[in-house]
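# Breakdown of the fold
Now for the letters of each chain:
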Amino acid sequence: MLKIENLNVFYGGIHALRGISLEVPDRKIISLIGANGAGKSTTLKAIMGLVPKSEGKVAFDEKDITSAQTKDIVGSGIVLCPEGRRVFPDLTIAENLTLGAYLRKDKEQIKKDKQWVYELFPRLLEREWQLAGTLSGGEQQMLAVGRAIMSKPKLLMLDEPSLGLAPLVVKDIFSIIRQINDAGVNILLIEQNAKAALEIADHAYVMETGSITLSGTGKELLASDLVKKAYLGE
Ligand code: ATP
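Bear in mind that the values here come from a model prediction, so they are computed numbers and not experimental data. (Residues numbered from 1 in each chain as written. Predicted model: local features only at pLDDT ≥ 70, side-chain atom pairs only at ≥ 80, totals over all residues. Heavy atoms only, no water.)

### A short note on helix H3 (residues 93–100)
Where H3 is concerned, the buried positions are Ile 93, Ala 94, Asn 96, Leu 97 and Gly 100. Down the axis, H3 shows its buried residues gathered within 160 degrees of arc, on one side only. For H3, the elements touching its buried residues are helix H4 (107–120), helix H5 (122–126) and helix H6 (137–150). (Buried < 20%, exposed > 50% of the residue type's maximum accessible area, 1.4 Å probe, protein only. Helix = DSSP H or I, 4+ residues; strand = E, 2+ residues; numbered from the N terminus. Arc of directions from axis to C-beta. Contact = heavy atoms within 4.5 Å.)

Okay, structure coming up:
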């Protein structure tokens, strides 16, 4: 469904993506792991049309979206839940969720999806009328994921969903990512938390300085000596 071929991105003189190729097949969870600065966020931004590509091809549902505008990429069903919990602090939880659905017109289904978000994240329901800016970091992260779901994406891209969360909340977030995938949403996940990201992944890629250096099923990479040494601290 999402297919990237030979993608190259430069920031001025910095060659941030050096010909990466990857695929997110239907109904799967794909993880991208790598150290700080490896190019993970840049990959997601390039897919969304937020940074210029100097070479390569991006196709979604067999449609070439390499040069498409971000709004059209969102319209085609891809959503990026960026790092850093970018919720609207002066709006309530309910308003933040409603805004996630602003491109949709199917009112009844929007209501149902909001219910579903509240089922996934009961804490958000308890705090429905609270201003998002007053939520804890973990709650804001949940809201950011919930808002992304409200756009009814075919592909949900998550940038570091576990960043800065307490270990128990991290477990929750990963179990919810699994439930979202079970409901039919494809997931492309980038994570510093390599262990959790590989455990949940159907397939995963390792990035180093702008290139993909290793790929395999989550299980295969968890068992790889290289991954164990470099990313799992074993
Ligand atoms: P992190 O987990 O730290 O965000 P990452 O793997 O997501 O790391 P990127 O943010 O994609 O890495 O960065 C890849 C490279 O591109 C890094 O060397 C980074 O310094 C550089 N870079 C990222 N954004 C810009 C920018 N706007 N201008 C110039 N260089 C940038």
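Read on, since the account is not over.
### Section: the nonpolar core
Core analysis: the largest hydrophobic core is formed by 48 residues, its most contacted members being Leu 156, Ile 177 and Ile 180. For this core, the leading source of residues is H6, giving seven residues. By size, the runner-up hydrophobic cluster in this structure holds 28 residues, among which are Ile 4, Leu 7, Ala 46 and Leu 80. (Core = buried A, V, L, I, M, F, W, Y, C linked by side-chain atoms within 4.5 Å.)

### Some points on unusual backbone geometry
With a phi angle near 55 degrees, Lys 152 is a residue other than glycine that sits in the positive phi range. Within the secondary structure, Lys 152 is located in the loop between H6 and strand S7 (155–159). For Lys 152, a relative accessible area of 45% translates into the label partly exposed. Although it is not a glycine, Thr 209 sits at a positive phi angle of roughly 35 degrees. Overall, Thr 209 belongs to the exposed group, its relative accessible area being 63%.

### Some remarks on the site of the ligand
The environment of the ligand is formed by 13 residues, the closest being Asn 36, Gly 37, Gly 39, Ser 41 and Thr 42. Between the ligand and Ser 41, the relevant distance is 2.7 Å, taken from an oxygen atom to a main-chain nitrogen or oxygen of the residue. Its free accessible area being 630 Å², the ligand has 62% of it covered by the protein chains. Elements represented by at least two residues in the shell around the ligand include exactly strand S2 (14–24) and helix H1 (40–47). (Near = heavy atom within 4 Å. Polar contact = N/O pair within 3.5 Å; in protein donor to acceptor, adjacent residues only side chain to side chain. Areas by Shrake-Rupley, 256 points an atom, 1.4 Å probe, with all protein chains shown as cover.)

### Looking at the sheet that holds strand S6 (residues 78–81)
Through backbone hydrogen bonds, the strands of a sheet pair up, either in parallel or in antiparallel fashion. Taken in spatial order, the six strands line up as S6-S7-S8-S3-S9-S10 in an open sheet, and their pairing is mixed. Edge strands, defined here as strands with exactly one partner in the open sheet, are S6 and strand S10 (211–216). Between one strand axis and the next, the sheet turns through 20 degrees on average, direction left out of account. Here five bridges tie strand S3 (residues 29–34) to strand S9 (residues 203–208), and the two strands are oriented parallel to one another. Bridging across to S9, Leu 32 finds its partner in Tyr 205. Strand contacts of H6: S6 and S7, with the helix running at about 170 degrees to S6, the strand carrying the most contacts. Here helix H7 (residues 167–182) sits on the sheet in contact with S3, S7 and strand S8 (186–191), set at roughly 155 degrees to S8. (Pairing = 2+ DSSP bridges. Axes fitted to C-alpha atoms, helices over the stretch in contact; angles between N-to-C directions.)

### Remarks on the UniProt feature "domain: ABC transporter" (unreviewed entry) in the protein
In the numbering used here, UniProt assigns the "domain: ABC transporter" (unreviewed entry) feature to residues 2–234. The straight-line gap between the two end C-alpha atoms of residues 2–234 is 33 Å; of that span, 39% is helix and 27% is strand. (UniProt positions renumbered as here; feature names shortened; annotations may be inferred.)

### Here's the deal with the sheet that holds S2
Judged by pairing direction, the sheet is antiparallel, and its four strands sit side by side in the order S2-S1-S4-S5 without closing on themselves. A single partner strand is all that each edge strand has here, and the edge strands are S2 and strand S5 (63–64). As defined by bridge partners, strand S1 (residues 2–11) adjoins S2 across eight bridges and the pair is classed as antiparallel. Across the sheet, the residue bridging to Lys 3 is Glu 23, located in S2. Sheet strands touched by H1: S1 and S2. Its angle to S1, the strand with the most contacts, is close to 110 degrees.

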